[in-house]
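Coordinates in review
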Amino acid sequence: LRAIGEAIKSHAEAKGFSVNADFHGHFIGEEMHLPPVVSPLPPSRGGDIPLRKGQIFTIEPILTEGSPYLRTWSDGWTCVTRDNGFTAQWEHTVLITADGAEILTVVD
């Protein structure tokens, strides 16, 4: 999982964006949101969890043009960057296969 966070951070920074650390992906099984978390940033330590055939998880980074830090509006739901910059979020669901990984949310 460390490699996922490293790839997201490296790609975002190369394009001039920041990555928000408050939201993350997750594993999916008998419940929708299962540990471990799939961080959009490399962890400060650890994070080398082996992936096994049949595991399903999401990758859900939020990239920001300015500050990566968020604040929540009084509605308790809406989050914005502290500097009111633009953000983008996307999500993909990934299945680990015997040959690697399959992105389940690809749209043709």
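What you see as residue numbers is a count from 1 along each chain, following the sequence as written. In keeping with the predicted nature of the model, local features appear solely for residues at pLDDT of at least 70, side-chain atom pairs appear and are counted solely at 80 or more, and the whole-chain, interface and lining totals rest on all residues. In computing side-chain values, all of the structure's heavy atoms are included and hydrogens and water are not.

**Thoughts on the sheet that holds strand β2 (residues 25-28)**
Definition in use: Strand pairing follows a simple DSSP-based rule, namely that at least 2 bridges must link the two strands. A run of H or I in DSSP becomes a helix once it reaches four residues, and a run of E becomes a strand once it reaches two; helices and strands are each numbered from the N terminus. Note on definitions: angles span 0 to 180 degrees between N-to-C directions of axes, and those axes are lines fitted to C-alpha atoms, for helices only across the stretch in contact.
Reading across from one edge, β3-β2-β4-β9-β10 is the order of the five strands in this open sheet, with antiparallel pairing throughout. In this open sheet, the two strands that pair with only one neighbour each are β3 (34-38) and β10 (100-103). Sheet twist, expressed as the average angle between the axes of neighbouring strands with direction ignored, equals 30°. Summarising the sheet, strand β9 (residues 92-97) and β10 pair through four bridges and their orientation is antiparallel.

**Observations concerning the nonpolar core**
Selection criterion: Only buried residues count toward a nonpolar core. Its members are Ala, Val, Leu, Ile, Met, Phe, Trp, Tyr and Cys residues joined through side-chain atoms within 4.5 Å. Each residue's exposure class comes from its accessible area (1.4 Å probe, protein chains only) as a fraction of the maximum for that residue type: buried when under 20%, exposed when over 50%, partly exposed otherwise. Whether two residues are in contact is decided by their heavy atoms: any pair within 4.5 Å suffices.
Residues I4, V19, V38, F57 and I59 are the most contacted members of the largest nonpolar core, which totals 13 residues. If one sorts the elements of this core by residue count, helix α1 (residues 2-14) sits on top with three residues. With near-sequence residues (within four places) excluded, I4 lies in contact with V38, F57 and I59.

**Let's talk about the side chain of Q55**
Stated formally: Under this definition, polar contacts are N or O atom pairs within 3.5 Å; protein pairs additionally need one hydrogen-donor-capable and one acceptor-capable atom, and for neighbouring residues in sequence, both atoms have to be side-chain atoms.
Along the chain, the position of Q55 falls in the loop between β3 and β4 (56-59). Within polar-contact distance, the side chain of Q55 engages the backbone nitrogen of R52 at 2.6 Å. For Q55, the contacting residues outside a window of four places in its chain are F27, P50, V94, L95 and I96.

**A short note on the pattern of salt bridges**
Here is the rule: One speaks of a salt bridge when a side-chain nitrogen belonging to Lys or Arg is within 4 Å of a carboxyl oxygen belonging to Asp or Glu.
Under the definition given, this model contains two salt bridges. Residue R2 is joined to E6 by a salt bridge in which the shortest nitrogen-to-oxygen separation is 3.7 Å. Taken together, the residues span about one helical turn, with R2 and E6 both in helix α1 at a distance of four residues. Overall, the relative accessible area of 38% leaves E6 in the partly exposed class. Its salt-bridge partner being E13, residue K9 comes within 3.1 Å of it at the nearest N-O pair. Residue K9 and its partner E13 are both found in helix α1; the two are separated by four residues, about one turn of the helix. By relative accessible area, which is 48% here, E13 ends up partly exposed.

**Topic: the pairing of β2**
Relative to β3, β2 runs antiparallel, the two being bridged by two bridges. When the bridges of β3 are listed, G25 appears paired with V38.

**Regarding the environment of I49**
Among the secondary structure elements, I49 is positioned in the loop between β3 and β4. Between the C-alpha atoms of I49 and G76, which are 27 residues apart in sequence, the distance is 33 Å.

**Digging into unusual backbone geometry**
With an omega of 0°, the peptide bond running from P35 to P36 counts as cis. Inspection of the secondary structure assignment puts P36 in strand β3. One non-glycine residue, N84, lies in positive phi territory at about 60°. If you trace the backbone, N84 turns up in the loop between β7 (79-81) and β8 (87-89).

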